[in-house]
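# Inside the fold
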Amino acid sequence: MKLVTLSKYELVNFLGINELRKVKNPTAKKQKGFIFGMLIFLYICLAGYTAGQAIMLAVLGTAEYIPILFFLSAFAMNLVVGIYRAKSTIYRESDLELVSAFPLSGVDLAASRVFRLYFDNMIVGLAVIIPAFLVYGIMTGCGAVFYISILIVCIISPILPTAIASWIGIFFAAVIARNRHKVLTEVVLVLIIVLGSFAFSGVISAKTGLTTGISVSEKKEMDEQMKLEMAAMIGEKMVSLEKAFPLVKPLSAVLQKGGLSGILIYALISLAVMVPTVIVIGKNFFSISKRLFVTKNHKEYRIEELKKQSVLTALIKKEAARYFSSGIYVSNTIIGPVMAVALTVALGFIDLNKIVASAGKLPVELNVYNSIPFLIALIYCMMTISASSVSMEGKNWWIMRTLPISAKEILGAKLLFNMIFIAPFYIVSEIIMLFTVNAGFLERIWLILIPGLTIVFSILFGLFLNLKFPKFDWGNEVEVVKQSAAVGLSLVGTLPVLIACMESMILTGTGLVLLNAGFSLALVILSLLLYCSILRTKLKE
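The present account deals with the structure reproduced in this document. (Residues numbered from 1 in each chain as written. Predicted model: local features only at pLDDT ≥ 70, side-chain atom pairs only at ≥ 80, totals over all residues. Heavy atoms only, no water.)

### Some remarks on the overall build of the chain
Spelled out, the test is: Only runs of H or I of at least four residues qualify as helices and only runs of E of at least two qualify as strands under DSSP, and these elements are numbered from the N terminus. The classification of residues rests on relative accessible area computed with a 1.4 Å probe and restricted to protein chains. Under 20% of the type maximum is buried, over 50% is exposed, and intermediate values are partly exposed. Whether two residues are in contact is decided by their heavy atoms: any pair within 4.5 Å suffices. The method behind every accessible area is Shrake-Rupley, applied with a 1.4 Å probe, and residues are considered shielded solely by the protein chains displayed.
In terms of regular secondary structure, the chain is built from 26 helices and zero strands. Within the chain, the proportion of its 541 residues that are buried is 46%. Pairs at least 24 residues apart make up 83% of the contacts formed inside the chain by residues separated by at least 6 positions. With an accessible surface of roughly 28400 Å², the chain has 69% of that area assigned to carbon and sulfur atoms.

Printed below as a string of C-alpha cells:
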C-alpha cells in the first residue's frame with residue numbers, strides 16, 4: 001500500500017499535467033498548455049519517424065529485422081536517458097527531510113523512484129516499439145498473438161535498461177557522497193559516462209558496421225538494383241551484429257513470432273536484475289542521501305580587506321558562484337564544449353569520408369569535411385547555461401528584481417558569464433583544428449566564424465526563451481536544468497544548424513560559399529534582434 005501511494009506521488013504531475021489542470025492564472029495556463037502541446041507534437045514526430053524507418057526497411061525487403069532493430073533502439077534510448085537521470089531521480093534533496101520524518105522504509109522509497117524512472121522510459125519506448133511493430137505486423141501478415149505481444153514487449157522492455165541505469169545511479173551517488181568535492185566529482189563522472197558511451201558506440205559501429213539510420217533515395221521510384229544492394233548491406237550488418245552479440249539472434253526470433261514464452265523468459269531475467277537493484281538502493285537510501293546533501297557550517301570567520309568592484313564584476317562572480325555550486329547544472333552544460341574539443345582532437349585520427357562510405361552506396365556523393373564548421377557549432381549549442389540562468393534564481397529572483405540595478409546589467413551579466421565560460425573551449429578547439437583539419441584560407445574563416453556566431457546566437461536564444469518561460473517554483477535543480485520548457489525549446493535552435501550541416505555535405509564551390517555566408521549573416525541578424533529584445537525586458541514590474 002505504501003508503495004502504491006508513493007508511486008502515485010511520483011507520477012502526480014507527470015509532464016506537468018496536474019499543473020496544467022489546476023493553475024488559475026490564464027497566462028500561466030497558456031504557457032503550460034503550449035509546452036504540453038509541444039511535447040505531444042515532438043512525441044508524434046518520434047513515432048512518425050520510427051514508422052517511416054520501419055516502412056523503409058519493409059520496402060527494401062528486410063522486414064524481418066524490424067522487431068529486433070527497434071527493440072534495441074528503445075533499449076539503448078532508455079539506457080542512455082536512464083543513466084543521465086538515475087541519480088537525480090532516485091536521490092532528491094527537496095523532499096529528503098519530509099520522507100525522513102515519515103515511517104517509510106528505504107526500499108519503498110527506492111522502489112517508487114525506480115518505478116518513476118521505469119515509467120518515463122516506458123512512455124518513450126512506446127513511441128519506438130508500437131509504430132515499428134505495427135508496421136512489421138501489417139507488412140508480414142502476423143496473427144493476433146503477435147499484436148498481443150506488442151503491449152507485453154512495451155511493458156517489459158524498459159525493465160532491464162532501467163535496472164542497469166539504477167545501478168550506475170547508485171554508484172554515482174556512492175562515489176559523490178564519499179568525496180569532499182561533490183560538484184567536481186559529479187561533473188567528472190558524467191563526462192566519463194558521456195564520452196565513454198560515444199567511444200563504445202564507435203567501437204560497436206566499427207565492429208558491426210551498423211549505423212543509426214538508413215539512407216535512402218528521395219525518389220518515388222527507387223531503382224531495383226539499389227534496393228537489392230541496400231538490402232544486402234543491411235543483411236551483412238545484421239549478421240555482424242549477431243556474431244558480435246550472440247543473444248541478438250534468439251531474441252530476434254522471439255520478437256518476430258511474438259513468442260510469449262520467450263518474452264516471459266526475458267521478463268523474468270529483467271526482474272531478476274531489477275529486484276536486487278531496488279533492495280540494494282533501498283538499504284542504502286538514507287545513508288547515501290544524507291552524505292550527498294550534507295552541509296558544513298564553518299564557525300571561524302575573519303573579516304579581511306573590503307574591495308570595491310563594479311556592478312558587472314560582482315554580478316558575474318555571483319553567476320559563477322551559483323553555477324559552480326550545482327553539479328547538475330555544470331555536468332549538463334559542460335558536456336557540449338568538452339565534446340566539441342574532443343571532436344577536434346579526433347579529427348586528426350579519423351577519416352570522416354571513410355566512415356560515411358562504410359554506410360554503403362548512397363544516392364548522392366557526400367563530403368563530410370565541408371560540414372565540420374556546422375558540426376562543431378551544433379555540439380556547442382546543444383545546451384547553454386543561459387537557458388537555465390534565470391530559472392536557477394528560483395525563489396530568490398525577487399531580490400534581483402528589487403535591487404537598484406538595471407535589467408541590462410542583470411541580464412548582461414548572465415550573457416557575459418556564459419560567453420566567458422565557453423570562450424576557453426572555443427579557443428582551444430580552434431587552435432587544435434589548425435593541426436587536425438587541412439583547410440585553405442576561406443575554409444579556415446568558416447571554421448572560426450560559424451561556430452563562434454552560433455555560440456553567441458545560442459546563448460542569446462537560450463536567455464530569450466528563459467525570460468519567456470521561466471520556472472521559479474522548482475524543488476529540484478533537475479526540473480530547471482533538464483526538464484524546463486526553456487531548455488527544451490532551446491534545442492529547436494539547433495535545427496537550422498542541423499539542416500545547414502546536412503546541406504553543406506552536398507554543396508560544393510559557389511553553392512557552399514553562399515550557404516556559409518548566408519548562414520553567418522542570418523546568425524548576425526538574429527543575434528542582434530534577440531539582444532535588442534532582451535534589453536527591452538522589464539524586470540521591475
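### Some remarks on the nonpolar core
Quick note on the threshold: Working definition of a nonpolar core: buried Ala, Val, Leu, Ile, Met, Phe, Trp, Tyr and Cys residues. They are joined through side-chain atoms within 4.5 Å.
Y323, I334, I372, F374, Y380, F425 and F519 are the most contacted members of the largest nonpolar core, which totals 72 residues. Discounting residues that sit within four places of it in the chain, Y323 has contacts with Y329, V330, T333, I334, I385, F417 and F421. F70, F75, L255 and I263 belong to the second-largest nonpolar core, a separate cluster that totals 61 residues.

### Re the packing of helix α6 (residues 106–140) against helix α7 (residues 144–156)
The condition is simple: Axis lines are fitted through C-alpha atoms, for helices just across the contact stretch, and the angle between N-to-C directions can take any value from 0 to 180 degrees. For classification purposes, angles smaller than 35 degrees are called roughly parallel, those larger than 145 roughly antiparallel, those between 65 and 115 roughly perpendicular, and all remaining angles oblique. By convention the crossing between two helices is left-handed if the near helix lies anticlockwise of the far one by an angle smaller than a right angle, and right-handed if it lies clockwise. For this classification, the nonpolar set comprises Ala, Val, Leu, Ile, Met, Phe, Trp, Tyr, Cys and Pro, the charged set comprises Asp, Glu, Lys and Arg, and every other residue, Gly included, is treated as polar.
For the pair α6 and α7, the least separation of the axes is 8 Å and the interaxial angle reads 160°. With respect to α7, the element α6 is oriented roughly antiparallel. Seen along the crossing, α6 lies across α7 with a hand that is right-handed. Taken together, the residues of α7 that come into contact with α6 (itself represented by Y118, M122, L126, I129, I130, F133, L134, Y136, G137 and I138) are F146, Y147, I150, V153, C154 and I155. Taken together, the residues that form the contact of α6 with α7 break down as 15 nonpolar, one polar and no charged.

### Regarding helix α4 (residues 66–90)
Under the convention used in this document: Every helix has an expected span of 1.5 Å times one less than the residues it contains. In this scheme, the bend at a residue equals the angle between the axes fitted to the seven residues that finish there and the seven that begin there.
Helix length check: α4, at 25 residues, gives a terminal C-alpha distance of 34 Å against a target of 36 Å (1.5 Å per residue), a fit within 8%. Along its length, α4 shows its largest kink, about 40°, at Y84.

### Points about a positive patch on the surface
Going by this rule: Excluding any residue in a salt bridge, patches collect residues exceeding 30% relative accessible area, merging like charges within 9 Å and nonpolar Val, Leu, Ile, Met, Phe, Trp and Tyr side chains within 5 Å. What counts as a salt bridge is simple: a side-chain nitrogen of Lys or Arg found within 4 Å of a carboxyl oxygen of Asp or Glu. Think of it this way: Lys and Arg go in the positive column, Asp and Glu in the negative one, and His and the chain ends go nowhere. By convention, the point assigned to a charge is CZ for Arg, NZ for Lys, CD for Glu and CG for Asp.
Together, R21, K22, K24 and K29 make up a positively charged patch on the protein surface. Here K29 shows up in helix α3 (residues 26–59).

### Concerning the pattern of salt bridges
A complete count under the given rule lists five salt bridges for this structure. A salt bridge links K318 to E393; the nearest nitrogen and oxygen atoms lie 2.9 Å apart. Here the residue K318 occupies a position in helix α14 (residues 311–324), and E393 occupies one in the loop between α19 (386–389) and α20 (397–402), the gap between them amounting to 75 residues. Overall, the relative accessible area of 28% leaves K318 in the partly exposed class. Owing to a relative accessible area of 11%, E393 belongs among the buried residues under this scheme. A salt bridge links E393 to K414, with the nearest nitrogen and oxygen atoms 2.8 Å apart. Within this pair, whereas E393 is found in the loop between α19 and α20, its partner K414 is found in helix α21 (residues 407–436), the two being separated by 21 residues in sequence. On the basis of relative accessibility, which here comes to 1%, the residue K414 falls in the buried class. Three or more residues joined by partner-sharing salt bridges are found here, namely K318, E319, E393 and K414.

### Brief notes about the packing of aromatic side chains
Ring pairs (aromatic) are described by centroid distance and by the angle formed between their planes. Under the convention used in this document: Here is the rule: rings of Phe, Tyr and Trp (six-membered ring for Trp) pair when centre to centre is within 6.5 Å. Planes less than 30 degrees apart are stacked, more than 60 are edge-to-face, and the remainder are tilted.
Going through the model one piece at a time under the given rule, you end up with 18 aromatic pairs. Ring centres of F71 and Y266 lie 5.6 Å apart, and the angle between their planes is 75°; on these two criteria the pair is classed as edge-to-face. Residue F71 is located in helix α4, and its partner Y266 is located in helix α12 (residues 260–283); the two are separated by 195 residues in the primary sequence. Per residue, the accessibility class of F71 equals that of Y266, and both read buried.

### Regarding a nonpolar patch on the surface
Together, L264, L268, L271, V275 and I279 line one region of the surface with nonpolar side chains, adding up to about 440 Å² of accessible area. For I279, a relative accessible area of 38% corresponds to the partly exposed category.

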